[in-house]
Amino acid sequence: MNLIILALMAALIVLLLGVYFRLSPSRDLKYRPAVPEELPGTGKRSPCPLCGTMLQPGERVHSVVYPGKGDRLVEIYGCPYCYPPNRTHRRYCPSCKRELEGDELVFARLFENSGKVHVHVNGCRICMRRRS
């Protein structure tokens, strides 16, 4: 009799956990992934890596690239919509999806290879602390 009650309780716990995880909001839903859109006559637009807003032609992400050879350190602050920080365009770390606070920034590496520039986002201060 005790085994039947124990088995029913275990099944109930598994069922409740399944319902909880299905109904709870996912952490990734806060971060809006942006898919580049094509504009007629202008080519592809690119999204801001922090807020996901599609940038208009000529708009740029505010960043600081430190001098050096090979791969260089980059600090990414945000686009004209999310920097300076405001309540309408929330900024999220592309690596851990955590909401950035105040003037917090994201670190990246810039690589130049045969005339092409590639930026690899490492993450925010929390992500960087976990890696070291």
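Residues numbered from 1 in each chain as written. Predicted model: local features only at pLDDT ≥ 70, side-chain atom pairs only at ≥ 80, totals over all residues. Heavy atoms only, no water.

Trainee: In this structure, what is going on with unusual backbone geometry? I would like to understand it.
Mentor: With glycine set apart, most residues show a phi of negative sign, and most peptide bonds adopt trans. Cis peptide bonds are those with omega within 30 degrees of zero, and the linkage from Tyr83 to Pro84 qualifies with 5°. With respect to the helices and strands, the residue Pro84 is situated in the loop between strand E4 (72-78) and strand E5 (106-113). Notably, Lys97 is not glycine yet its phi reads approximately 65°, a positive angle. Examined against the element boundaries, Lys97 turns out to sit in the loop between E4 and E5. Its identity is not glycine, yet Ser114 carries a phi of approximately 50°, on the positive side. Relative to the helices and strands, Ser114 resides in the loop between E5 and strand E6 (116-123). (Helix = DSSP H or I, 4+ residues; strand = E, 2+ residues; numbered from the N terminus.)

Trainee: How do you make sense of the nonpolar core when you look at a structure like this?
Mentor: Buried together is how nonpolar side chains tend to be arranged in soluble globular proteins. One finds Cys48, Leu50 and Cys124 to be the most contacted residues of the largest nonpolar core, which totals 17 residues. Elements that contribute at least two residues to this core include exactly E4, E5 and helix H2 (125-131). (Core = buried A, V, L, I, M, F, W, Y, C linked by side-chain atoms within 4.5 Å. Buried < 20%, exposed > 50% of the residue type's maximum accessible area, 1.4 Å probe, protein only.)

Trainee: What is the right way to look at the state of the cysteines in this model?
Mentor: Here is the idea: a disulfide is a covalent bond, and it sits between the sulfur atoms of two cysteines. Inspection of the entire model under this criterion finds zero disulfides. Unpaired in terms of disulfides, Cys51 finds its nearest cysteine sulfur in Cys79, a separation of 3.6 Å. Given a relative accessible area of 2%, Cys51 falls into the buried group. Sulfur of Cys127: no disulfide; nearest cysteine sulfur belongs to Cys96 and is 3.5 Å away. (Disulfide = S-S within 2.5 Å.)

Trainee: Would you take a moment to explain the packing of aromatic side chains for this structure?
Mentor: Note on aromatic pairs: each is described by the distance of the centres and the angle between the planes. Throughout the structure, instances matching the rule amount to one aromatic pair. Ring geometry for Tyr77 against Tyr83: centres 5.5 Å apart, planes inclined by 50°, an arrangement best described as tilted. Owing to a relative accessible area of 14%, Tyr77 belongs among the buried residues under this scheme. Judged by its relative accessible area of 26%, Tyr83 falls in the partly exposed class. (Phe/Tyr/Trp six-rings, centres within 6.5 Å; stacked < 30°, edge-to-face > 60°.)

Trainee: Looking at this structure, how should I read the environment of Ser46?
Mentor: Mapping Ser46 onto the fold places it in the loop between strand E2 (43-44) and strand E3 (62-65). Between the alpha carbons of Ser46 and Arg60 there is a distance of 9.5 Å; along the sequence they are 14 residues apart. Residues within four places of Ser46 in sequence aside, it is in contact with Thr53, Met54 and Leu55. (Contact = heavy atoms within 4.5 Å.)

Trainee: How should the layout of surface pockets be read in this particular structure?
Mentor: Take a probe with the size of a water molecule and roll it over the atoms, and the empty space left behind shows itself. As a volume, the largest pocket reaches approximately 280 Å³. Considering the residues around the largest pocket, the lining is formed by Ser46, Pro47, Pro49, Leu55, Arg60, Val61, Ser63, Val65, Val74, Ile76, Leu110 and Val119. Broken down by secondary-structure element, the contributors of at least two residues to the lining of the largest pocket are E3 and E4. (1 Å grid on protein atoms, 1.4 Å probe; cavity = no way out; pocket = protein on both sides within 12 Å on 5 of 7 lines; lining within 4 Å. Points joined across faces, edges and corners; volume = space filled by probe spheres on them.)

Trainee: What should I look at first to understand the pairing of E5 in this one?
Mentor: Sheet faces and side chains relate simply in a regular strand, where the side chains alternate between the two faces. Where E4 and E5 come together, five bridges link them in antiparallel fashion. Paired with Leu73 across the bridge in E5 is Arg109. As judged from the seven bridges shared by E5 and E6, these two strands associate in the antiparallel manner. Residue pairing in the sheet places Glu112 in a bridge with Val117 of E6. Connecting E5 to the next strand, E6, in antiparallel fashion are two residues, including Ser114 with a positive phi near 50°. (Pairing = 2+ DSSP bridges.)

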